[in-house]
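Architecture at a glance
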Amino acid sequence: MIFLDPKSDIAFKKLFGDITHKNILMSFLNSVLGRVEGNKIIDVVINDPNNVAETPASKTSAVGVRCTDQDGNQYIVEMQVVDQKDYAPRAQYYSAVALDRQLAARGEYTTLVPVIFVGILDFNLLATTEYISHHFILDAKTFAHELKHLEFHFIELSKFEKELESLFTVLDKWIYFLKHAVTLQKIPSALKDPVMTDAFNVLEQGNWSKKELEAYDRYLDQIRSSASQLETAYDKGIVEGKMKGGLAKALEIAQDLLDVLDVATIARKTGLTVAQLEELKKRK
């Protein structure tokens, strides 16, 4: 069996943005938000069912899936693969815009419902070592949670290192699925429950139409092309930096690269030592 990558834009939206598979979205959200019986999401309406981008450059690719639950709460669920240092403020901006649009439609502050942002990231964003973090507006002294219209939940896939035998919660199973599904050739026994099996079936290549597979291939080609262009630009900049400014220029370029490449790769490309780069990273 061949499973397509749920981190790709088109697969992600096919997985979580199809109302015929809303059980997948509800299971994922309930696990991320820690919802238990009596407080679970039991129904959702997909607000943007036609929002399926065919390339990373598409204007609709900024936000993955928007939905509303049975209580009217709004959710923004987004997969972000490319490292963005301004991702946190962007998440807050999109959530604030969602609140603003509610007011424009209804006209009364009392009608506003919470906007809950869930960001799944294929890069490190926050200082925490935890692979999932939850952010609420709390009173600084009492930690009372009385301002409830905005909340943010971030999953950082790169920090998730659990193996199959260590998956004991539904949340861990979902994160493992998102990170590793594309590398699997069959459904692991640890992930064989009705909802997870449904999710694997959505990603199974044989269940995709020719048009969908062509869109998926175009997406991957665009990703590869963008990565190649970025790599070429960095290599060219580093070579020119060495020619023009020596060590000082190499350090300047390395500082910019720290946001997008690992230390070992930068050391190889710039000629700087790992120790120099680690010191530069601390200062930054």
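Our subject is the structure that appears above.
First things first, this report covers the structure right here in the doc. (Residues numbered from 1 in each chain as written. Predicted model: local features only at pLDDT ≥ 70, side-chain atom pairs only at ≥ 80, totals over all residues. Heavy atoms only, no water.)

**Overview of the pattern of salt bridges**
Pairing between side chains of opposite charge can happen when the charged atoms of each approach one another. To keep it simple, the criterion reads: The working definition used for a salt bridge is a side-chain nitrogen of Lys or Arg within 4 Å of a carboxyl oxygen of Asp or Glu. Buried, partly exposed and exposed residues are distinguished by accessible area as a fraction of the type maximum, computed with a 1.4 Å probe on protein chains only: under 20%, between the cut-offs, and over 50%, respectively.
Scanning the model with the defined rule gives eight salt bridges in all. Among the salt bridges present, the one from Glu37 reaches Lys40, with a minimum N-O distance of 3.2 Å. Taking relative accessible area as the criterion, Glu37 reaches 67% and is therefore assigned exposed. Judged by relative accessible area, which is 33%, Lys40 ranks as partly exposed.

**Quick notes on the pairing of strand β2 (residues 65-69)**
Walk down a regular strand and you will see the side chains alternate between the two sheet faces. What counts here: Put simply, DSSP H or I for four residues or longer makes a helix, DSSP E for two residues or longer makes a strand, and each gets a number counted from the N terminus. Strand pairing is assigned whenever DSSP identifies at least 2 bridges connecting the two strands.
Buried residues dominate β2, accounting for five of its five residues. Going residue by residue along β2, you find Val65, Cys67 and Asp69 tucked away on one face and Arg66 and Thr68 tucked away on the opposite face as well. Here strand β1 (residues 44-46) pairs with β2 via three bridges, running antiparallel. Bridge assignment links Ile46 to a residue of β2, and that residue is Cys67. Inspection of the sheet shows β2 paired to strand β3 (residues 74-80) by four bridges, in the antiparallel sense. When the bridges of β3 are listed, Cys67 appears paired with Tyr75. Taken together, β2 and the strand that follows it, β3, pair antiparallel across an intervening segment of four residues, in which Gly72 is found at a positive phi of about 90 degrees.

**Considering the packing of helix α4 (residues 170-180) against helix α5 (residues 194-203)**
Defined as follows: Note on definitions: angles span 0 to 180 degrees between N-to-C directions of axes, and those axes are lines fitted to C-alpha atoms, for helices only across the stretch in contact. An angle counts as roughly parallel when it lies under 35 degrees, as roughly antiparallel when it exceeds 145, as roughly perpendicular when it falls between 65 and 115, and as oblique in every other case. Should any heavy atoms of two residues lie within 4.5 Å, those residues are counted as being in contact.
Taken N-terminus to C-terminus, the directions of α4 and α5 make an angle of 10 degrees; their axes are 12 Å apart at the nearest point. The angle between α4 and α5 places the two elements in the roughly parallel class. Residues Lys173, Trp174 and Phe177 of α4 touch α5, and the partners they reach there are Val195, Met196, Ala199, Phe200 and Leu203.

**Brief notes about unusual backbone geometry**
Its identity as a non-glycine residue notwithstanding, Phe143 has a phi of 65 degrees, on the positive side. Relative to the helices and strands, Phe143 is located in the loop between β5 (132-137) and β6 (147-156).

**With respect to a nonpolar patch on the surface**
Let me state the cut-off plainly: Like-charged residues within 9 Å of one another, or nonpolar side chains (Val, Leu, Ile, Met, Phe, Trp, Tyr) within 5 Å, are grouped into patches, provided each residue has over 30% relative accessible area and no salt bridge. Only the protein chains shown count as cover for residues, with accessible areas throughout obtained via the Shrake-Rupley method and a probe of 1.4 Å.
Nonpolar side chains collect at one region of the surface, where Phe136, Leu138 and Phe143 lie side by side and expose about 310 Å² of accessible area between them. Structurally, the position occupied by Leu138 is in the loop between β5 and β6. By relative accessible area, which is 41% here, Leu138 ends up partly exposed.

**Considerations on the side chain of Asn30**
In plain terms, the rule: Polar contacts, as used here, are pairs of N or O atoms within 3.5 Å; protein pairs need one atom able to donate a hydrogen and one able to accept it. Residues neighboring in sequence count only if both atoms are side-chain atoms.
Of note, Asn30 is situated in helix α2 (residues 22-33). Side-chain polar atoms of Asn30 contact the backbone nitrogen of Ile41, separated by 2.8 Å. Apart from residues lying up to four places away in sequence, Asn30 is in contact with Arg35, Lys40 and Ile41.

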